[in-house]
Amino acid sequence: GLPSLPVQQKIISTIPSWWKELSALPHTLIHNDFNPRNLAFRRTDCGLRLCAYDWELATIGVPQHDLAELLCFVLPENVDRNTVQQYVDQFLLALQKTHGCNISALEWQAGFRLSLRHLIVNRLPLYALINKFKPQRFFAKTLQNWYRLNQWFGTHE
C-alpha cells in the first residue's frame, strides 16, 4: 500500500477546503494518465513533436495535473527544486504562448500544488493497489518523486 497513509489521510481530511480552490481554477481536457508508457516523440520538420497515446482516462481538469503526474514518473533522484520550478514555469509559458491566455504565476503554482493532492487521492492509490498484487518497478520512484514534489510545492495551507 501507500506508506504515506498519514500524509494521505491529512490531505483527504482537508478535501472540503482545497477541492473548492481546485474547482475554481481554469479547466481543460487533460490526459489523466500522462506517463512515459503513454508518450512518444515523433520527428518532424520543426523538431520533435510530443505524441500522447491511450486517452481513455481523459477528463476535464486543471492543465497542471498532467505536468504533476509526468514529473512524478520521470524526475531523477538528484533533481533540485529550482530545476523542477523551471519545468513548471516553462509549461505555463508554453500554455500562455500557444493559447494566448494569461494565467498568474500564483494561480499556476496553486494549480500545481492542488494537482499533487489530487494525484495522491485519486491516481497513486490505484498504482498502489496494482503494486500490491503485481509489483510495478516504477512505483517506488514515482511515489518518492511525489513526496519530494509535495514537500517542495504542496504544503501550502
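Being a predicted model, the structure only gives us computed values, none of them experimental.

Draft legend 1. Highlighting a nonpolar patch on the surface. Side chains of Leu29, Trp55 and Ile60 sit close together on the surface and give an oily, nonpolar patch of about 340 Å² of accessible area. Positionally, Ile60 belongs in strand E4 (residues 59-61). The exposed category is assigned to Ile60, whose relative accessible area is 57%.

Draft legend 2. Quick look at the packing of aromatic side chains. A full pass over the atoms with the stated rule returns 8 aromatic pairs. Ring geometry for Phe73 against Phe138: centres 5.4 Å apart, planes inclined by 35°, an arrangement best described as tilted. Taken as a pair, Phe73 in helix H3 (residues 64-74) and Phe138 in the loop between helix H5 (105-133) and helix H6 (139-153) lie far apart in primary sequence, 65 residues in all. When its relative accessible area of 21% is taken as the criterion, Phe138 is described as partly exposed. Ring plane angle 90° and centroid distance 5.4 Å describe the contact between Phe112 and Phe153, whose orientation is recorded as edge-to-face. Remark: Phe153 occurs in helix H6 and Phe112 occurs in helix H5; sequence separation between them is 41 residues. A single burial state applies to Phe112 and to Phe153, both of which are buried. Members of the aromatic cluster, joined through ring pairs, are Phe73, Tyr127 and Phe138.

What counts and how
Residues numbered from 1 in each chain as written. Predicted model: local features only at pLDDT ≥ 70, side-chain atom pairs only at ≥ 80, totals over all residues. Heavy atoms only, no water. Patch = residues over 30% accessible without salt bridge, like charges linked within 9 Å, V, L, I, M, F, W, Y side chains within 5 Å. Areas by Shrake-Rupley, 256 points an atom, 1.4 Å probe, with all protein chains shown as cover. Salt bridge = Lys/Arg side-chain N within 4 Å of Asp/Glu carboxyl O. Helix = DSSP H or I, 4+ residues; strand = E, 2+ residues; numbered from the N terminus. Buried < 20%, exposed > 50% of the residue type's maximum accessible area, 1.4 Å probe, protein only. Phe/Tyr/Trp six-rings, centres within 6.5 Å; stacked < 30°, edge-to-face > 60°.

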